[in-house]
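Remarks on the overall topology
Residues per chain are reported as follows:
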Amino acid sequence: MAIETLAAGLIGLALLVLASAVLLRRRTGLPWGRVVADDVGEGRRLQRPLFAAAYGLTGKPDYLLERGGYTIPVEVKPGRQASTPYDSDLMQLAAYCLLVEATTGQAPPYGLLRYAQTTFRLAYTPAVRDELLATLAVMRDLLDQAEVGRSHDEARRCAGCGFRELCEDALA
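Parameters at a glance
Position labels on residues start from 1 in each chain and follow its written sequence. Two thresholds apply to this predicted model, a pLDDT of at least 70 for residue-level local features and 80 or more for giving and counting side-chain atom pairs, whereas whole-chain, interface and lining totals are computed over all residues. Side-chain metrics in this entry use all non-hydrogen atoms of the structure; hydrogen atoms and water are not considered. Candidate patch residues must exceed 30% relative accessible area and have no salt bridge, after which like charges are joined if within 9 Å and Val, Leu, Ile, Met, Phe, Trp or Tyr side chains if within 5 Å. Calculation of accessible area relied on Shrake-Rupley with a 1.4 Å probe; when residues are assessed, cover is drawn exclusively from the protein chains displayed. Here a salt bridge means any side-chain nitrogen of Lys or Arg lying within 4 Å of a carboxyl oxygen belonging to Asp or Glu. Going along the chain from the N terminus, every DSSP run of H or I of four or more residues is numbered as a helix, and every run of E of two or more is numbered as a strand. Exposure is judged per residue with a 1.4 Å probe applied to protein chains only, and the accessible area is read against the type maximum: over 50% gives exposed, under 20% gives buried, and values in between give partly exposed. Note on terminology: a nonpolar core comprises buried Ala, Val, Leu, Ile, Met, Phe, Trp, Tyr and Cys residues joined through side-chain atoms within 4.5 Å. By the convention used here, residues are in contact when the closest approach between their heavy atoms is within 4.5 Å. Only strands joined by at least two bridges in the DSSP assignment are considered to pair. A clockwise course of the path from the first strand over the helix to the second, judged with the strands pointing away from the viewer, identifies a crossover as right-handed. Each aromatic pair joins two rings of Phe, Tyr and Trp (for Trp, the six-membered one) with centres within 6.5 Å, and gets the label stacked for planes under 30 degrees apart, edge-to-face for over 60, and tilted for any other angle.

The subject of this paragraph is a nonpolar patch on the surface. A cluster of nonpolar side chains, contributed by Val-138, Leu-142 and Val-148, occupies part of the molecular surface with about 230 Å² of accessible area. Residue position: Leu-142 is located in helix α3 (residues 126-143). The class of Leu-142 is partly exposed, set by a relative accessible area of 33%.

With that settled, consider the nonpolar core. Within the largest apolar cluster, 23 residues are counted, with the highest numbers of intra-cluster contacts made by Leu-57, Ala-94, Leu-98, Leu-99, Leu-113, Leu-122 and Leu-132. Within the residue set of this core, elements represented by two or more residues are β2 (50-52), α2 (87-104), β7 (119-123) and α3. No other element matches α2, which puts 10 residues into this core. In this structure Ala-94 touches Leu-122, Tyr-124, Val-128 and Leu-132, once residues within four positions along its chain are discounted. Grouped together as the second largest cluster of nonpolar side chains are 7 residues, Tyr-63, Val-74, Val-76 and Tyr-110 included.

Quick look at the pairing of strand β4 (residues 63-67) now. Relative to strand β5 (residues 70-76), β4 is paired through 5 bridges, and the arrangement is antiparallel. The residue of β5 that forms the bridge with Leu-64 is Pro-73. In sequence, β4 turns back onto β5 through a hairpin of 2 residues, with Gly-68 there showing a positive phi of about 60°.

All right, on to the pairing of strand β6 (residues 110-114) then. Most of β6 is tucked away, with 5 of its 5 residues classed as buried. Taking every second residue as pointing to the same face, both faces of β6 are buried, with Tyr-110, Leu-112 and Arg-114 on one and Gly-111 and Leu-113 on the other. Note: β5 against β6, 3 bridges, orientation parallel. From the neighbouring strand, Glu-75 faces β6, where its bridge partner is Leu-113. Of the crossover connections in this fold, the one passing from β5 over α2 to the parallel β6 is right-handed. Two elements, β6 and β7, share 5 bridges in a ladder whose sense is antiparallel. Bridged to Leu-113 within β7 is Phe-120. The hairpin formed by β6 and β7 contains 4 residues between the paired strands.

Moving on, we come to the packing of aromatic side chains. Following the criterion strictly, the structure yields 2 aromatic pairs and no others. Judged by centre distance (6.1 Å) and plane angle (75°), the ring pair of Tyr-86 and Tyr-115 falls under edge-to-face. Taken together, the residues Tyr-86 in the loop between β5 and α2 and Tyr-115 in the loop between β6 and β7 connect sequence positions 29 residues apart. Accessibility expressed as a relative area gives 31% for Tyr-86, which makes it partly exposed. On the basis of relative accessible area, Tyr-115 is assigned to the buried category, the value being 1%.

The tally for this structure, following the rule as stated, stands at 5 salt bridges. For the salt bridge of Asp-89 with Arg-80, the shortest nitrogen-to-oxygen distance reads 2.8 Å. Classification of Asp-89 as buried rests on a relative accessible area of 2%. Salt bridges linked by common partners bring Glu-75, Lys-77, Arg-80 and Asp-89 together as one network.

See the structure below:
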């Protein structure tokens, strides 16, 4: 009788774990795969950011998944409702792909970008990597300039910028 009770308890526990996993996947839009690190919620298992000294780059993706022998970075933007991903979000995800490549020695085949209702897949190709490295070079060049102009025409982006009070080009 004790074995049946123990077995029933273990089955119940397994069902709870499965239900929790299903809810996480629904809430986050993550595909099935082992979550090896995350930077969201209270659990935050990604203690240190990923760092690539060769590129002067550091960052913490929201999730790192293990799928098919690869580490896949996932960035979650729960407030975004766009039908196509923003270029800036894609570059952020490409940077996480580069960080995974630099820290693990193996480039991920893709990264995932989750908006409120849609998950986008960015193929991490040599062309994407080259575009990211070119973007990083431009950003570094801009850091050396005394004055840098506004890079957009969106008042809402200006309204949320920490430099708005100092910016002579602010729209908001």
